[in-house]
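# Notes for the structure review
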Amino acid sequence: MNISSREERQAGQAAAAVGSGYSDYLRLDLLLAAQQPLSSPQQHDELVFIVQHQVAELWLKLFIHELDAVLAALRADDLGRAMTVMQRVKVIQAQLYEQWSVLETLSPVDYLQFRQVLGSGSGFQSGQYRELVFILGERNPALLEMFTDQPALQQRLRDRLQQPSLYQELLLHLARQGHAVPPACIDDDWGSSHRPDEQLWPVFRRIYVERQQFGSVYAFCEQLVDLEEQFQLWRFRHLKTVERVIGWRRGTGGSSGVDFLRQVLDQSFFPELLAIRTHL
């Protein structure tokens, strides 16, 4: 028996001895049983569609988990910790972006063979996606109505609207550090999206021009710009994938499809961080 075979056997015996091995720890019994195609006769590509979206939801879960750590670090004025976690966020975003290449392998004809089983289901209804964009600052309380049949999720989303977004936490941090953030920009009206405000330009102009003095804050601001850019590229890749697979058909959830996806590309989470480049 070679070394690798002996090690594999010993690892299996060790797992059996303690009663909890790889499969038990990862709950693979639940995870791998969660793919239940509905097409009849079953269409080969439906499993591709299901797995891709389930994996995306797992990455969204981790995305939210890491952003919560960034928020906690900002509240503690620990910018170093926030920047370290943001490095992982960037890698997670890369994984989400690359996943679209899997769906792009679906042919339009093959997708239409099972599209009807989706019913009114749509990624627009993803509670985790909605929570993520709430954290990032894209806030629309009216969308809570979509989740009336999921009271626990609806309450979690409502709680998010009562907390500062990522950008608002940055502004609060800057104010505590002595930057001249206008009080109106850090009030407790967390439930609505941040509106571009020219009063913030002097704050960020100082940080960018005097980046030798404010190196950490400057670097974190650039990480936020990276986050927004990658998020918009992810949205654009989504748009192009939809366009490639279903063209200009309406979305299964009732949206206008490609037109709707184009509209959200114009939304910005951190508008002053982009505007200041014009006004330096």
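Residues numbered from 1 in each chain as written. Predicted model: local features only at pLDDT ≥ 70, side-chain atom pairs only at ≥ 80, totals over all residues. Heavy atoms only, no water.

### Here we look at the packing of aromatic side chains
Note the following rule: Stacked, tilted and edge-to-face are the three classes applied to pairs of Phe, Tyr and Trp rings, where Trp contributes its six-membered ring and a pair requires centres within 6.5 Å; stacked means planes under 30 degrees apart, edge-to-face means over 60, and tilted covers the rest. The numbering of helices and of strands both runs from the N terminus, where a helix is a DSSP run of H or I of at least 4 residues and a strand a run of E of at least 2. Note on exposure labels: buried denotes an accessible area under 20% of the residue type's maximum, exposed denotes more than 50%, and partly exposed covers the range between, all computed with a 1.4 Å probe on protein chains only.
Inspection of every chain in the model, using the stated rule, returns twelve aromatic pairs. On the basis of an interplanar angle of 35° and a centroid distance of 6.5 Å, the ring pair of Trp100 and Trp234 is categorised as tilted. Note that Trp100 is positioned in helix α5 (residues 79–103) and Trp234 in helix α11 (residues 215–246), a separation of 134 residues in sequence. Assigned by exposure class, Trp100 and Trp234 land together as buried.

### A short note on the nonpolar core
Selection criterion: Joining through side-chain atoms within 4.5 Å is the link that ties buried Ala, Val, Leu, Ile, Met, Phe, Trp, Tyr and Cys residues into a set, and such a set is a nonpolar core. Any two residues whose heavy atoms approach within 4.5 Å are treated as being in contact.
Leu67, Leu166, Leu174, Phe204, Phe220, Phe231 and Leu273 are the most contacted members of the largest nonpolar core, which totals 66 residues. At twelve residues, α11 tops the list of elements feeding residues into this core. Contacts of Phe204, omitting those with residues within four sequence positions, involve Tyr167, Leu170, Leu171, Leu174, Cys221, Glu272, Leu273 and Ile276.

### Observations regarding the packing of helix α4 (residues 46–75) against α11
In plain terms, the rule: Axis geometry follows a simple rule: fit a line to the C-alpha atoms, using only the stretch in contact for helices, then measure angles between N-to-C directions, giving values from 0 to 180 degrees. Working rule for angles: under 35 degrees goes down as roughly parallel, over 145 as roughly antiparallel, 65 to 115 as roughly perpendicular, anything else as oblique. Crossing handedness: left-handed means the near helix sits turned counterclockwise from the far one by under a right angle, and right-handed means the same turn made clockwise. In this classification, Asp, Glu, Lys and Arg are treated as charged, Ala, Val, Leu, Ile, Met, Phe, Trp, Tyr, Cys and Pro as nonpolar, and every other residue, Gly included, as polar.
Between α4 and α11, the shortest axis-to-axis distance is 15 Å and the interhelical angle comes to 160°. By the angle class used here, α4 and α11 are roughly antiparallel. Judged by the twist between their axes, the crossing of α4 over α11 is left-handed. Each of Leu60, Phe63, Leu67, Val70 and Leu74 in α4 lies in contact with α11, whose residues at this interface are Phe220, Leu227, Phe231 and Trp234. For the contact of α4 with α11, a count of residues per class yields nine nonpolar, no polar and no charged.

### Observations concerning unusual backbone geometry
The peptide bond linking Ser40 to Pro41 adopts the cis configuration, its omega dihedral lying at 0°. Position of Pro41 among the secondary structure elements: in the loop between α3 (28–31) and α4. Residue Arg27 is not a glycine yet carries a positive backbone phi of 50°. One can find Arg27 in the loop between α2 (22–26) and α3. Within the chain, Asp77 stands out as a residue other than glycine whose phi angle is a positive 55°. As for its position among the elements, Asp77 is in the loop between α4 and α5. The exposure class assigned to Asp77 is partly exposed, which follows from its relative accessible area of 31%.

### What to know about helix α10 (residues 201–209)
For clarity, the cut-off: Note: the arc covers the axis-to-C-beta directions of the helix.
Of all the residues in α10, the buried ones are Trp201, Val203, Phe204, Ile207 and Tyr208. The buried residues of α10 occupy an angular sector of 160° when the element is viewed end-on, so they sit on one face. In this fold, the buried residues of α10 make contact with α9 (166–176), α11 and α13 (271–275).

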